[in-house]
Amino acid sequence: MHRRRPAIALSAALVAAPLLTACGGTAHPGAAAVVGGERITVAQLESRVDEVRAAQRAAATDGAQYQQAVAQTSSLTRDTLHSLVLDRVLDRAAKNAGVNVTARDVERMRADLQAQAGGAKELQTVWLQQYGVAPQRLDDSLRTEVEAQKLAAALGADMSTTEGKAAFWKAMSQASRELHVDLNPRYGTWDVQKSSLADAKTPWVKEVTAAAAQQTA
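Just so you know, these numbers come straight off a predicted model, no measurement behind them.

**Q** Give me the lowdown on the overall build of the protein chain, citing residues and values where you can.
**A** When you go through the protein chain residue by residue, the secondary structure sums to eight helices and three strands. Residue burial in the protein chain is summarised as follows: out of 217 residues, 46% are buried. Counting contacts in the protein chain only where the partners sit at least 6 residues apart, residues at least 24 apart contribute 79% of the total.

**Q** Outline the sheet that holds strand 3 (residues 182-183), supporting the account with residue identities and numerical values.
**A** An order of 2-1-3 is seen for the three strands of this open sheet, with the pairing classed as antiparallel. In the strand order of this sheet, the two ends are held by strand 2 (38-41) and strand 3, each with one partner. Bridge analysis of strand 1 (residues 31-35) against strand 2 gives four bridges, and the strand direction is antiparallel. Residue pairing across strands places A33 opposite I40, the latter belonging to strand 2.

**Q** Explain the packing of helix 1 (residues 42-59) against helix 3 (residues 76-96) to me, and be specific about the residues and the numbers.
**A** Close contact between helix 1 and helix 3 brings their axes to 10 Å; oriented N to C, the two are set at 120°. What the angle tells us is that helix 1 and helix 3 run oblique. The element helix 1 and its partner helix 3 pack so that their crossing is right-handed. Listed contacts from helix 3 to L45, R48, V49, V52 and R53 of helix 1 are L76, T77, T80, L81 and L84. Considering only residue class, the contact of helix 1 with helix 3 consists of six nonpolar, two polar and two charged.

**Q** Residue-level account of helix 3, with values.
**A** Taking 1.5 Å of rise per residue, the 21 residues of helix 3 would be expected to cover 30 Å, and the 30 Å separating its terminal C-alpha atoms lies within 8% of that figure. Backbone geometry just downstream of helix 3 places G98 in the positive-phi region, at approximately 75°.

**Q** Quick rundown of the environment of L81? Include the residues and the values.
**A** Summarising the element assignment, L81 is placed in helix 3. Each C-alpha atom of the pair L81 and V42 lies 9.3 Å from the other, and the pair is 39 residues apart in sequence. Here L81 is in contact with A32, A33, I40, L45, L183 and Y187, once residues within four sequence places are set aside.

**Q** Please set out the nonpolar core residue by residue, giving values where relevant.
**A** Formed by 33 residues in total, the largest nonpolar core has its most connected members in L81, V85, V89, F168 and M172. The set of elements that each furnish at least two residues to this core consists of strand 1, helix 1, helix 3, helix 6 (138-155) and helix 7 (162-179). Here this core gets eight residues from one element, more than from any other, and that element is helix 3.

**Q** Lay out the packing of aromatic side chains with the relevant residues and their values.
**A** Overall, the coordinates contain two aromatic pairs when judged by the stated rule. Ring centres 4.9 Å apart and planes at 75° place the aromatic pair W127 and Y131 in the edge-to-face group. On the criterion of helical spacing, the pair formed by W127 and Y131 is a turn pair, its members being four residues apart in helix 5 (residues 120-131). Each member of the pair, W127 as well as Y131, is classed as buried. Ring geometry for F168 against W169: centres 5.9 Å apart, planes inclined by 75°, an arrangement best described as edge-to-face. Considered together, F168 and W169 belong to a single accessibility category, that of buried residues.

**Q** Tell me what's going on with the pattern of salt bridges, and back it up with residues and numbers.
**A** Scanning the entire structure with this criterion turns up nine salt bridges. D105 serves as the salt-bridge partner of R108, at 2.7 Å between the closest nitrogen and oxygen. Highlighted residues: R108 and D105, both in helix 4 (residues 103-117), separated by three residues, approximately one helical turn. Using a relative accessible area of 5% as the deciding quantity, one classes D105 as buried. Here the salt bridges do not stand alone but share partners, grouping E51, R137 and D140 into one network.

**Q** Please provide a residue-by-residue account of the pairing of strand 1, values included.
**A** Within strand 1, five of the five residues are buried, leaving the element largely enclosed by the surrounding structure. Counted between consecutive antiparallel strands, the loop separating strand 1 from strand 2 contains two residues, among which G36 sits at a positive phi close to 60°. Sheet analysis places strand 1 next to strand 3, joined by two bridges and oriented antiparallel. Paired with A33 across the strands is L183, a residue of strand 3.

Calculation rules
- Residues numbered from 1 in each chain as written.
- Predicted model: local features only at pLDDT ≥ 70, side-chain atom pairs only at ≥ 80, totals over all residues.
- Heavy atoms only, no water.
- Helix = DSSP H or I, 4+ residues; strand = E, 2+ residues; numbered from the N terminus.
- Buried < 20%, exposed > 50% of the residue type's maximum accessible area, 1.4 Å probe, protein only.
- Contact = heavy atoms within 4.5 Å.
- Pairing = 2+ DSSP bridges.
- Axes fitted to C-alpha atoms, helices over the stretch in contact; angles between N-to-C directions.
- Parallel < 35°, antiparallel > 145°, perpendicular 65-115°, else oblique.
- Left-handed = near helix turned anticlockwise from the far one by under 90°.
- Nonpolar A, V, L, I, M, F, W, Y, C, P; charged D, E, K, R; others polar.
- Expected span 1.5 Å × (residues − 1).
- Core = buried A, V, L, I, M, F, W, Y, C linked by side-chain atoms within 4.5 Å.
- Phe/Tyr/Trp six-rings, centres within 6.5 Å; stacked < 30°, edge-to-face > 60°.
- Salt bridge = Lys/Arg side-chain N within 4 Å of Asp/Glu carboxyl O.

What follows is the structure, given as structure tokens:
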């Protein structure tokens, strides 16, 4: 059995990726973003960030270690919002491609990754430290991992190639256009070539292996 790595990582290809554009001038008070007509409110975003900070505080042995974790995730609010938006774009792209993710798919990925990490607690620690995902959100994150893999497979996109990455991001760009992503400019812009997605700490945007894309086909 091949060992899965956290999944469809595209950060190395973002420079050549198509644009996921937003109008950047939201007229929705209290909204951090509007995706497909649905608001991600500032309060919802802050709640997600608070979950991560609480998990970091609980994992720290003392105040100094907690402050170090906070310093290392200084862009947590922006990264969290971009992850929330990008996950919705991925959902639309997957729906367009006829991709479905089952609970069984998520269970398999969790079991595999737990084996690699050394246990359930260890996997939670990795996801918290590397990706800013609170333990209670782990299954949601793993579902997105599977969805990204299945989308690449459905598109026939070999993510180790320039052509494969281009095909994947073409589907994502189409989904973004359909959803009319409107990002509050205080959190950055929605332009892959110019800014913040390139450093968003989202697991499925971090590493890419052709094998990973094939395992859940």
